[in-house]
Structure formats: C-alpha cells, structure tokens
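Here is how the chains run, residue by residue.
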Amino acid sequence: MQTRRISILLLALFFSAPAWGQALRYAEDKAPGIVNPVYTTSMSEARLNELLFEGLYIDNTELMSVPALAETAQLSDDKTEMTIRLRYDARWHDGVPFTSADVAFTIEAMKNKKSLSTERGRVAWIKKVEVLDDTAIKLYFENPEARPQDKLMFKILPKHRFTGVDMKRTDAFRTEPIGTGPYKLVRYNDDNSIALEANPDYRETVKLSEMVMREVSDKNYQAKLLHYESLEALVRVLPRDLASLQNNRKVELYPYQTNSWWYLGFNLGKKPFDDPRFRQAIGLLIDQEALMAPIGTGDLLSGPYVKSSPYYNHDVPAWRPDEFAASGKLEELGYERQGELWTKGGIPLELTITAHQSLESSQEVVINLQSQLQAAGIKVNVEFLDEASWKARVWRERNFDIILSQWTFDRNEDIRDQFHGKGSRNFTGYSSSRVDALLDRARESTDPHVKKAALREVHAAIHEDAPMIFLWTLDSYAALSTRVRNVVVHPFYFFTYVLDWRMD
Amino acid sequence: MRLYVTILLSLAIGCGGDDAKNAAPSGDALDASWANIVVSQPVRFAEVVGDERTGRRDGWIALHQNDFGAAVDAFNDGTPHGKLLATRAAVERSELFEDLARVNDIAWFSTFSTWQQRTGIPEGSGLPYVAGLHALDAGDSDAATAWLELASNAKAEEVRNAALQLTERGNVTGFSADVENSLLRSLARHELARQNGDLLPILQRANSALFSEPVEVASDEEGSGLPALTVERSFFDPQVGRTLALGYAKNATGLAGDASPNSAVLNSDLDPLAKALFGGAPAEMLAQIDVAQNPTAEDDVEWAREQVRRLDEHLDAWEGASFANASDDGKALLQDLDLADVFRSRILLGLAREALRGDHPRRALAFAQLALDLEHPREITPVNHPALQAVIVEAQLRTGHTREALDALQVLLPAYPVLLGLDEVISDLAILQNLDRHGDSKEN
C-alpha cells in the first residue's frame, strides 16, 4: 500500500514536470575567456561556441560533412568556385534573419589582418566571397578544392552586431554573443558560471532546455560534484578519477579521442633557451614518469603527436633522465657546477616556469618539476597566470622562459601553426627551414605515405631540436550522469550532437 | 488530460501493481554462473586449476590474463585433459584473430577504394597489386580483376609479373615456394600456413613490408619553392590477417582432434567449471535477468547502455551477497581474481560480438567500451580482453571514426606486433578521409 501511494505521488510529480527540461550543468576548468569564435584559443571556448554558433557545415555522427547553415552547394568543374544556397529559416538569437551578408562578413573579418584573428588560417584558402543575394553566396578559392565543405565548419558571426570587419577582441560582442545555434547565452553569473537557454526559434527541437557551464578549476572537486549530483557532466576526467567514477552506477564514462599532449615550451627568443643543447639538457634532467604519476596513467611522448597517430615516429624514444649527459651539454655551454648549483660567470642558472592556473593538475606538475630541476642544480621560480595574463604574456608578448601547457588537436593533427616558421601559434619562436619544408610538403601532398614519411621526419627533427619537451598524453573521458540519455560526444568539439541528448 | 492519465496509471499500479517486479535484484539469478561457483566452492576451483607443480595452473593464470598463446603452451602437457584445456585457450585465440581478420578486410577494402576515389592511384605504383591480392583472397573476384588489371601498369617488374600470374590463376593458391618472384613465394607461404597451421613463417615476416617502392616528389622551385623529397611507399601483406585467423583455427582443431573444437570441449568429461571458467554467461542466464532481450531493430546505443545498467544491478547484488556469504578463500578469490569484473567483461564482449554480427556497430561499441577497466585503459588485463579492442576497432571503422580506431589498435600492438601492417593501412585510411579538412587546435 505504501508503495502504491509513493507510485501515485511520483507519477504526479513526473507528469507535472515539463516534457523536456532541467538544466544540464557541466564543468570547465576555466570559464571561456572570450565568446567570439574568431578569437577562440581554448577548448572551453570551442565547446561553448558549439552550443551558440553554427558553421555552414557540420560533422554528422559518422564524421561526414553535412549542411548546417548551408542548404545546397554546387562546385564548379574546375573546383575553384562554390555557390552555396543558405538556409532561409535561420535566425540570430535576437530574431534578425541570417543572410549571406553574415557569411561574407565573417570570412572578411577573419581574413582581415587588423582583426588579429586566431582563426585566420581557417579561411586563408578562400580568395574571395561574393554575395549573390540574401541567401546565396559564391566562394572563390586560391587553389582547386576537392571537398571545400570539409573546411567550412568555422562559425558564422552576425554582421549587424559589429561596426565593421576590423574586429577587436574587446568588442562588446565578447560578453553579448549571439549566434544561430541551439542555445542562447542568457546570463553571466558572479561565480563565473554561464547560463544558456534553448533557442526557442531553433529549427529543430532542443531537448535540454537549459545548460549551465560552471567554472570549477579543481578536478577533484569536479568529480565530487558529479558524485553528489551537483553537476551532470564533466567534459574531461583525470585518469586518477576514472576508477571512482566508473564504480558510481549513476555515472557513465564516454571515451572520446582527442589528440592532446602536455609539453614544456621554451622561449627560443631568450638566452639560454635559444641553444638546443640547453633545451636538450633540460629534457635529460626531467623524469617524465615521475611528473605524470600524480595525474594518473597516460603515454609518455617523444614528439608532437600521440602514439596512435599515423605521424608518430616510434623510432624516436622519449627523453629519459640522464644527468651525466645533461651535465655534458651544460658544460659545453660554459656552465660549471659550483656547490649545489650550476653557474656561469659566477651567476647561478635560474629560470621561471610559467603555467596557466587552470590547467588541470598544473600546480602539482610544476612543483614537482621545480623540485627535479632544483635537485639537479638549477634555481627555478614558478608562476601561475590567469587567462588574461596568459593570453597577453604567452600568445601576444612571448614573455616567458618555459611554459607548461597542453595542446589539443582534432583528427587532422595539423601541427603547422605550432612549429612552422610562419605558424600563428608558434609561441616558442622555433624556426627550421627543413621542418618548414617538410610541413609544407606534407600539407600539399595527397599521398598518405608521403605525408606519413614527411611528418615522421618532422617528429624526429622537432624532438632533436627540442623547442618543446613533449611530456605525455592522457586518455580523454567525459563523465555524465546516467540521467543524461542519448549521449554521443564529438571527438573534438564535444557538444556537436547535443540536440539528441535528453534528461530523464 | 495529464491529470486524467496520471490517475488512470496510478490506479493501474494500485490495482495490479507487482512490487516484486520493482524489487532490487538479489543476485540469485547468477548462482549458476562460473563466477559464483568459484566464490562459493573455492576447493573445487583449486582442484580445477591445480597447484604450482602443474603446468595447468600456469595455463589458467595465462588464460585469466588473456595471454592465449602462453595458455595453450602451458595447458598442452600431452594429457587428454591438458589438450582439451589447450583447445579452450586456442579457441579464444582463434576467435580473437577472426575478429581481427574482419577488421583487416574492412580496412583494406576501404583504404584502397578511398585512395582511388580521393586522389587516384599513383602512377606506376604497385598499390593495385596489393588491392587485387586482398580482393582475391577475400573472394571478390570482380574487384580483384579490376585491380590486377591496373597492376599491369606497375613500374616494378616483379609486381607486374605477380599480377599477371594471379590474374591467370584466378586464385591465391597453387604457387610454388621455389619461384624467384618474392610476391609469389609469399602466396605459397600463406597457403602452406593455412593448410598446416604453422604460422611461424608468417609471423616472422608480418612486420616487414610485402614490397616498397620509392616515391620521388619533385621540387617546386618556381612555385612554392619546396625542395624535392624521396620517400618509400611500403605496402604490408594483406593476407596476414586471414592466414592468422585460419591458422589459429587450424591449431584449435588440431588440438581438439575435432573439426569443431568448441563442441569437443563442451562434450568432453572436463569439469563443467573448467569449461566455463573466465567465460561469459549462457543465454538462459541473461534471459533470466532480462539483459539483452528483445533488442531494438535500430543500432540503438541507449538500448545497449540500458542493458549494461541492468546487468550491473544484478552483478552488484550478486557481488554483495557473495562477499557477505563467502568463506575467506572465496572472498580472496572474488577480489584477487576480479571475478565480478571479469565475468561482466566477458558477458559484454559476447554482446558486443553479437551486435557486430547483427550489423549494429554503435551498440557493439557501447558494450565494448563499457566493459573496459579504466584503471588500466591502455593495457590487456584480466578484465580488458583483447577482443574488446578488436570490437572497438571494427565498430569505429564501420561508423566513420577511423582515427579513433587507431587508438584501440594501439592498445593491441605491444602484445600483437603482427598487427603493424593493419595499423599502417588504417593510418592511410584516416589520412585519406581527412585530406580536405582544415585542422583545428586549441590550448587545454
């Protein structure tokens, strides 16, 4: 009888709730610094963009390009032009219709050097944009393109919310973003959380009516919040937390493939980091396994790819601690051991390791690294930067000695921006004509064996030149409450298929 | 309307509700499982696995750790029971290589057809020979004929000759091991290995390319300024996967002395525990706990997850009850051998394989991924059966997630270096499928 009463009550409660509803609260280590796809630099920003904005094309669940804001397209016989008919029924979150002018504006703003877009490379292959009418656009390419739709996934911005194509990071849009996507940003909260609501005008049903992004920099705390049901999703779980989450029957783990690796990056524009022998010496003084241990399991790496990558050179071993060899290199550079410390001209060798304060477990790694290097006779200072300082010091000013950070790549694993002499994300200032030639050759080639050979050689060269010491890759798992159903995770952008998700 | 429905449903519950259906599982339904027998009858378990003086114990340790080769060798002490146990391990190995042979076929077919579609076959390349050889070996004579005809344009004389001979013969058998042409000698080796189950000559060469050809990429001094580049285009042997599957199957039948080694084991006088140990659950048991019954017609991932949740409810109940009631020896076995997780993993492996056979790769992927022990995600362990990774590779390939297939294959490579050729061909496929994409990268 008691059970029956409870059944009735529960049924009544269930049926009084909205058919779709409840907020999905997910955690990010750090809140997005800017909500403008033209300036996206972090994964948390990319994930939020996926909820708010759309591109002309999108990956379906089989990772094939399918139209999103585009409706149909025609490629010219010589493959240098593409006419795209756009959706007529898409609207911006403020109700203004989406038109071809928005597409043209976005491309021009991204190409505009004054905008300083971090995504400029994504439109470099487009020579010209022509607006044919409100719902049709023609793209002209620098070179023939076999499948241009595969490159048309960058997010489109609303022309009417900017004063012109000279976009700035500080434009008001950054805190008042509007897109055409399934969610609208409704509120920034004082605790750095961001509240999103389903876009009522979206062309498909949005089953999760609300999303909340919570900034929780402590990964341990993130896992606890999920255990205590104060969150519904963690986008990335540390390996050490996997076992406890796996044992929680109210949580499911979703592996997804991100090619991401941790590294120490040197500033090659400063002495003594400009000398490869110094950088190699540092590599020989580090015990990578010991550094990784507090985080959990992963794979130590020797180059700029993960081990499963077609481009990983398995003949190149990861750096192993060898104090004798390291000492030899430092002595070649004029350093000598005086007591406990390495010195040159009587001045102790001293450097600063800089990390982003929100990089998961960076504090542990940096402190351990400091201990290792100090035990080896180097004075080490450490600093942790917030988002704004990181962007300024590392991205724009290149003002650092050594950084600890992490790169995440999509399935293309295109490292050109990080290591080419003209790369827009080449923080270290690395420059090698041989590596540049190999990277360019790999990019141009359509022969997988030529690409593999060239990029495996790049791996070996970069390892030897050591502009970075590659540390490890960790397995990527998302953790979601079992109340969230129909979850499919995009291997890079995560939320691409959120329209299918629902909450019980 | 909602209130009306609520009242109706509530009345239905009130009048006809069966509290027993909603009761938490007790775990009783798993009493007949091998896992429960081990925990509740540790003495019998000890008798089955033997003690340190016998190779049989080493065999069981190896089987528990999913090291099938070591298990076969350790079990095969020449006694009838030893042979039967070795057969059991050999069957497991053979099934794994059947899974991998299927992956092999998907990978080779997809890679060469994609290569042809996306970029065209490189001029003078021996690639069509390899594609034709694979097609012929897989029984697709039409595709083989088309590919081998293209191979007549190969620069390398040895390749052209081999292609001609294959075209004339129309199959991959009947070649002599004494011929000068190394490609034809390779065919003879495979035929012999498939006949007699001696895989050593295949294993010794599996990690070497079948043949290589130099690729000269001309400089572009007037255009991009890129210098010339010379690389080797290496093709691995597409027959390896099938030969290993057939060869290991041959080994199993040889040990059993029976065309159906599974039946030989099941019908033998081995202790039933020895037949079931470290295996899955019979269909009747799954029916009793209402797991994987009445699957949906669609490739429904959510259905698969629901089955796993239901299975976990029963396993959790069983594990709790077992631990409470078991002797100290039984408790030790439950924990030391990770019996609940091993049992779970084998059940899910069975469901994953069934899903693949039923053309439901997404469901298979869900079952396999949910079976893994994430404390050691990149290792083969008692819980992480290697076939789980083989299922994941196949499911990822079949759903367009080629790059992710390589992650799963990477787990298998240290224990099965013979998969290097498969890794390279799937790498080629991943590259070809993403040729026109613009790479994206972000910090953290």
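Keep in mind the model is a prediction, meaning the values are calculated, not measured.

A.B. asks: Please clarify how the sheet that holds strand 15 (residues 336-338) of chain A should be interpreted in this entry.
C.D. replies: By way of backbone hydrogen bonds, the strands of a sheet pair with one another, either parallel or antiparallel. All names here are of chain A. Ordered in space as 15-16-17, the 3 strands form an open sheet in which the pairing is antiparallel. Looking at strand neighbours, the two that pair on one side only are strand 15 and strand 17 (347-348), the edges of this open sheet. In the sheet, strand 16 (residues 341-344) pairs with strand 17 via 2 bridges, with the strands oriented antiparallel. Bridge pairing in strand 17 links K344 to I347.

A.B. asks: Is there a simple way to explain helix 11 (residues 182-196) of chain B in this structure?
C.D. replies: An α-helical turn contains 3.6 residues, so any two residues separated by three or four positions project in the same direction. Residues and elements named next belong to chain B. Between the first and last C-alpha of helix 11 there are 21 Å, a value that for 15 residues agrees with the 21 Å anticipated at 1.5 Å per step. Within helix 11, burial applies to L183, L184, S186, L187, R189, H190, A193 and R194. Just downstream of helix 11 lies G197, where phi reads positive at about 75 degrees.

A.B. asks: Is there a simple way to think about the domain arrangement of chain A in this case?
C.D. replies: Many descriptions give the size of an interface as the accessible area lost when the pieces come together. Each assigned domain of chain A is listed with its residue range as follows: domain 1 (17-30 + 181-257 + 476-503), domain 2 (54-167) and domain 3 (259-474). Placing the centre of domain 2 of chain A and that of domain 3 of chain A at their C-alpha centroids yields a distance of 36 Å.

A.B. asks: Which parts of the structure should I look at to understand the confidence of the model for chain B?
C.D. replies: As a note on interpretation, predicted positions should not be read in detail where pLDDT is low. All names here are of chain B. Summary statistics for chain B give a mean pLDDT of 92 and a share of 94% for residues scoring 70 or more. Element-level pLDDT for chain B is lowest in helix 2 (residues 19-22), with a mean of 48, against a maximum mean of 98 in helix 21 (residues 386-398). Between residues 12-21, whose pLDDT stays under 50, and residues either more than four places distant or in other chains, the model counts 6 contacts. In the predicted complex, the global pTM is 0.93; the interface-specific ipTM is 0.92.

A.B. asks: In this structure, what is going on with the interface of chain B and chain A? I would like to understand it.
C.D. replies: Listed per partner, the contact involves 52 residues of chain B and 67 residues of chain A. For the side of chain B that touches chain A, the elements supplying multiple residues, two or more each, are helix 1 (2-16), strand 1 (211-217), strand 2 (229-235), helix 17 (301-325), helix 22 (402-412), helix 23 (420-433) and strand 3 (441-443) of chain B. For the side of chain B that touches chain A, the leading source of residues is helix 1 of chain B, giving 7 residues. Across the side of chain B that touches chain A, the residue classes break down as 17 nonpolar, 17 polar and 18 charged. Here strand 20 (residues 402-409) of chain A pairs with strand 3 of chain B via 3 bridges, running antiparallel. Looking at the pairing, F409 of chain A lines up with S441 of chain B of strand 3 of chain B.

Parameters at a glance
- Residues numbered from 1 in each chain as written.
- Chains lettered and ligands numbered in written order.
- Predicted model: local features only at pLDDT ≥ 70, side-chain atom pairs only at ≥ 80, totals over all residues.
- Pairing = 2+ DSSP bridges.
- Helix = DSSP H or I, 4+ residues; strand = E, 2+ residues; numbered from the N terminus.
- Expected span 1.5 Å × (residues − 1).
- Buried ≥ 20, exposed ≤ 12 C-beta atoms within 10 Å, placed from the backbone.
- Domains from an automatic or database assignment.
- pLDDT = per-residue confidence, 0-100.
- Contact = placed C-beta atoms within 7 Å.
- Nonpolar A, V, L, I, M, F, W, Y, C, P; charged D, E, K, R; others polar.

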